[in-house]
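What follows is the residue order along each chain.
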Amino acid sequence: MLDHILLEQTILAVKEIFGVDLEPDTNLVQKTRKEFDGDLTIVVFPLTKLLRRSPQSIGEELGQYLLSTSGLVQAYQVVSGYVNITVRQSYWKDFFIRDHGNVSFGVHKITTDEPVVIEYSSPNTNKPLHLGHIRNNLIGFSLARILNACGENVVKVNLVNDRGIHICKSMLAWRKWSRGETPESAHLKGDHLIGKYYVLFENKYREQVKELVGSGMTEEDALRQAPLIGEAQRLLKKWEDKDPETRALWHRMNQWAYDGFDETYRQMGVDFDRIYYESGTYLLGKQLVEEGLKQGLLQRKEDGSVWADLTDEGLDWKLLIRSDGTSVYITQDLGTAQLRYDEYHPKKLVYVVGNEQIYHFDVLKLLLKKLGRDWSDNIYHLSYGMVELPEGKMKSREGKVVDADDLMQEMFVTAEKMTRELGKMEDFSEAEASALFRQVGLAALKYFILKVDPMKTMVFNPEESIDFNGNTGPFIQYTYARIQSVLRKAAEVNFPGQDSLSLDFELIPKEISLIKLLADFPDVVKEAEAMYNPSVVAAYVYVLAKEYNQFYHDHSILKAGDPHIVHFRIELSRFVGNVINTAMGLLGIEVPERM
RNA sequence: GGUCUCGUAGCUCAGCUGGAUAGAGCAGCAGCCUUCUAAGCUGCGGGUCGCAGGUUCGAAUCCUGCCGGGAUCACCA
């Protein structure tokens, strides 16, 4: 904001002084580094060639000119090719008086009707959610909030992968070996029960493969010819043929999974506006393929399978329908995309899906384009990196996964332990206390994950529990709670002149740096939106909290002496609290009044 | 092998649309609670930004090559 104003003034100044027109290059004006005096810096090196003058003399002339013409500039200093500009305090004071009471500072009202549809979570109903899903859900949910704060009309959707061979594996294993076990009888969350049978299938299947290999078969053939996999495939065919008994079991077991997922989502604090099921969209996908076949855009081979030729686009041939007539992943996604377009006509279709599926989404966009769906240009695949354990990738087959429910539970327990150790809850009621443990534990987990750039692979070490000190969610929550404590005390004391806020005094550096940070917030939200990156908000709110804690440590608020200063510092604290609350809200993290 | 991606302190990460002496947290060491919440604050130690070239007044950042890790190229999803 401010930097743009100064950039304009600088361009004007260069034209006035040197008679040269400059392109508005945003790198010309940047924030002054902490170790130098000043707020904004004009980098004059790029001008030296153009103007054929030394950096020093350009800097001096620019600084002098801006000082005398710009109402913003209080002082300037030319340091080895940089003009460091100190902005008048009145600018910061005006900003503060104008915006400090704005509870939704940095957040825009929804201005458009064309929605942005964002898909995240997308679980399979054959196993419970793990740490990877947590990252997915947190990024998706946070991004929805960030888009929302930028005025977008956001529709959060979840696509449940409720059909396919993997579901049939769980079903088959349950039918063969469960003796009718249910979540109730096993005292197990439904999704975990189903996961148990999925793992059981995989184990038995691998045993069969091993046996076949032992009797001389190649591994490749064994994988394909083991009796269990054949059974699973026949079950899938029966499912697609709508066999009543198969469908009944499928309904029953899926419901177990849904009940389990709902509980996990509730704990995590994420939700959706609309839930799609692949069982409801894969037929539409098949229709699209049929349509493409008729138009000669796709090809059918002798064995009945259908393919798309993407070699012209630099990719390969892609299977769309298997030779037995069943559909594959991409077929379903074609249908889902079409359905979503028909329902919302979105200006943007965002998919939060792991980076292992980059190729899949390239193909999806190309296929839709091939089929004449020009709106496929509006598809954006937000691909995020995997969460790895110190020893490498999580492997569900080897049981090397960090389960979402377990992890959250662990976080709550740690939060409780921590809080009790610090002796912070003498006067908390039972309900308040357990709400706090949940808030703090979740904040630690969410912030830990969201502060990392989504694109990057991140490492999670289950041995070392997630920190509660330093650059963490609880640290930021603590800062907020601390502010609320000050505000509660402030409400109790009377001081003269508390009705009218007057900033008729010199601000100290820490106050100015806090105000500067606050003024940055709207730009931070916009940047997070533009980059589809919640970590931008996380980094910002940490710096803000840290800066406030330093201020809090070094300066009295309620005992500052001058009532005008007391009043100002109370309002400054309130403003910081509001922005922390809003920013954390954008990350999907709650802040407690006390902790 | 093709394509994509990552490599920054002991560990986890910022910085990457080129700008000043590369930053945080954790871990380690040393301090600060009769004063608004010490889940806090302050200080110290810790770096050939994978390597080598190039472009530039200026490179962790851009380009090329190499080394190392990961993903993907399924009649899995």
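Reading guide: rules and limits
- Just so you know, the residues in each chain are numbered from 1, in the order the chain's sequence is written.
- Lettering of chains starts at A and numbering of ligands starts at 1, both following the order in which they are written.
- In view of the model being predicted, local features appear only for residues whose pLDDT reaches at least 70, and side-chain atom pairs are presented and counted only at 80 or more, with totals across whole chains, interfaces and linings using the full set of residues.
- Water and hydrogen atoms play no part in the side-chain values, which are based on all heavy atoms of the structure.
- Secondary structure is summarised from DSSP: a helix means a run of H or I of at least four residues, a strand means a run of E of at least two, and numbering begins at the N terminus for each.
- For every residue, the accessible area (1.4 Å probe, protein chains only) is compared with the maximum for its type, and the residue is labelled buried under 20%, exposed over 50%, or partly exposed between those bounds.
- A contact between two residues is defined here by any heavy atoms of the two lying within 4.5 Å.
- Take a side-chain nitrogen of Lys or Arg and a carboxyl oxygen of Asp or Glu: if they are within 4 Å of each other, that pair is a salt bridge.
- Either an automatic procedure or a domain database provided the assignment from which the domain bounds are taken.
- To estimate how far a helix should reach, multiply one less than its number of residues by 1.5 Å.
- Between any two strands, pairing holds if DSSP finds at least two bridges.
- On a range of 0 to 100, pLDDT expresses the predictor's confidence in each residue.
- Throughout this description, a polar contact denotes any pair of N or O atoms lying within 3.5 Å of each other; where both atoms belong to protein, one of them has to be capable of donating a hydrogen while the other can accept it, and for residues adjacent in sequence the pair is counted only when both atoms sit in side chains.
- Throughout, near means a residue has at least one heavy atom within 4 Å of the molecule or strand.
- Buried residues of nine kinds, namely Ala, Val, Leu, Ile, Met, Phe, Trp, Tyr and Cys, make up a nonpolar core once their side-chain atoms join them within 4.5 Å.
- Note on geometry: axes are lines fitted to C-alpha atoms, helical ones only across the stretch in contact, with angles between N-to-C directions running from 0 to 180 degrees.
- An angle below 35 degrees is treated as roughly parallel, one above 145 as roughly antiparallel, one from 65 to 115 as roughly perpendicular, and anything else as oblique.
- Note on convention: the crossing is left-handed when the near helix lies turned anticlockwise from the far helix by less than a right angle, right-handed when the turn is clockwise.
- We call Asp, Glu, Lys and Arg charged. Ala, Val, Leu, Ile, Met, Phe, Trp, Tyr, Cys and Pro are nonpolar, and the rest, Gly among them, are polar.

1. Considerations on the side chain of Arg340
- Its place among the elements puts Arg340 in helix α13 (residues 329-344).
- Classification of Arg340 by relative accessible area gives buried; the value is 0%.
- Ignoring anything within four residues of it in the chain, the contact list for Arg340 reads Val117, Glu119, Val157, Leu159, Tyr276, His345, Pro346, Leu349 and Tyr351.

2. Here's the deal with the pattern of salt bridges
- Per the stated rule, a full pass over the model turns up 31 salt bridges.
- Lys196 serves as the salt-bridge partner of Glu181, at 3.0 Å between the closest nitrogen and oxygen. With Glu181 in the loop between α6 (165-177) and α7 (183-186) and Lys196 in helix α8 (residues 190-214), this residue pair connects regions lying 15 residues apart in the sequence.
- Judged by its relative accessible area of 17%, Glu181 falls in the buried class.

3. Comments concerning the domain arrangement of chain A
- Each domain of chain A was delimited in the assignment, giving domain 1 (2-87), domain 2 (120-388) and domain 3 (404-586).
- Distance between the C-alpha centres of domain 1 and domain 3: 35 Å.

4. Digging into α8
- Here α8 spans 36 Å end to end across 25 residues, near enough to the 36 Å set by a 1.5 Å rise per residue.
- Of all the positions in α8, only Gly190, Asp191, His192, Leu193, Ile194, Gly195, Tyr197, Tyr198, Phe201, Glu202, Tyr205 and Val209 are classed as buried.
- The positive-phi residue at the C-terminal boundary of α8 is Gly216, with phi of around 100°.

5. Regarding the sheet that holds strand β13 (residues 387-389)
- The 3 strands lie next to each other as β14-β13-β15, forming an open sheet whose pairing is mixed. What marks the edges here is a single partner per strand, and that holds for β14 (392-393) and β15 (458-459).
- Taken together, the 2 bridges between β13 and β15 define a ladder with parallel strand orientation. Residue pairing across strands places Val387 opposite Met458, the latter belonging to β15.

6. Section: the confidence of the model for chain A
- For chain A, per-residue confidence averages 92 on the pLDDT scale, and residues scoring 70 or more make up 99% of the total.
- Scoring of the predicted complex yields 0.95 for pTM and 0.96 for ipTM.

7. Some remarks on unusual backbone geometry
- One non-glycine residue, His345, lies in positive phi territory at about 40°.
- Structurally, the position occupied by His345 is in the loop between α13 and β11 (348-354).
- Overall, His345 belongs to the partly exposed group, its relative accessible area being 42%.
- The phi torsion at Tyr532 lies on the positive side, around 50°, for a residue other than glycine.

8. Looking at helix α20 (residues 563-586)
- Counted at 1.5 Å a residue, the expected span for α20 with its 24 residues is 34 Å, and the 35 Å between its end C-alpha atoms agrees.
- For α20, a buried count of 20 out of 24 residues is recorded, marking the element as mostly surrounded by other parts of the structure.
- Measuring from the backbone nitrogen of His564 back to the side-chain oxygen at the start of α20 gives 2.8 Å, which picks out Asp562 as the cap.
- Within two residues after α20, Gly588 carries a phi angle of roughly 75°, on the positive side.

9. Focus on the protein's contact with RNA strand B
- In the vicinity of RNA strand B lie 66 residues, with Asp303, Lys424, Val459, Tyr478 and Arg482 positioned nearest.
- Among the atoms of RNA strand B close to the protein, meaning within 4 Å, 64% are from sugar or phosphate groups.
- Take Arg33: an N or O atom from its side chain is 2.7 Å from a phosphate oxygen of RNA strand B.
- Within the side chain of Arg482, one N or O atom sits 2.4 Å away from a phosphate oxygen of RNA strand B.
- Looking at the surface near RNA strand B, the elements with two or more residues in it are β2 (40-43), α2 (45-51), β4 (82-87), α6, α15 (404-421), β15, α17 (473-492) and α19 (535-554).
- Looking at which element gives the most residues to the surface near RNA strand B, the answer is α17, with 7 residues.

10. A short note on the nonpolar core
- Grouped together as the largest cluster of nonpolar side chains are 153 residues, with contacts concentrated most on Ile42, Leu131, Ile134, Ile476, Leu544 and Ile580.
- At 12 residues, the largest contribution of residues to this core is made by α20.
- Listed in part, the 29 residues of the second largest apolar core include Leu159, Ile321, Leu364 and Ile379.

11. Some words on the packing of helix α1 (residues 2-18) against helix α3 (residues 55-69)
- Running from amino to carboxyl end, α1 crosses α3 at an angle of 110°, the nearest separation of the two axes being 10 Å. By the angle class used here, α1 and α3 are roughly perpendicular. Between α1 and α3 lies a crossing of right-handed hand. In contact with Leu6, Gln9, Thr10, Ala13, Val14, Glu16, Ile17 and Phe18 of α1, α3 contributes Ile58, Glu61, Leu62, Tyr65 and Leu66.
- Among the residues making up the contact of α1 with α3, the classes are represented as 9 nonpolar, 2 polar and 2 charged.

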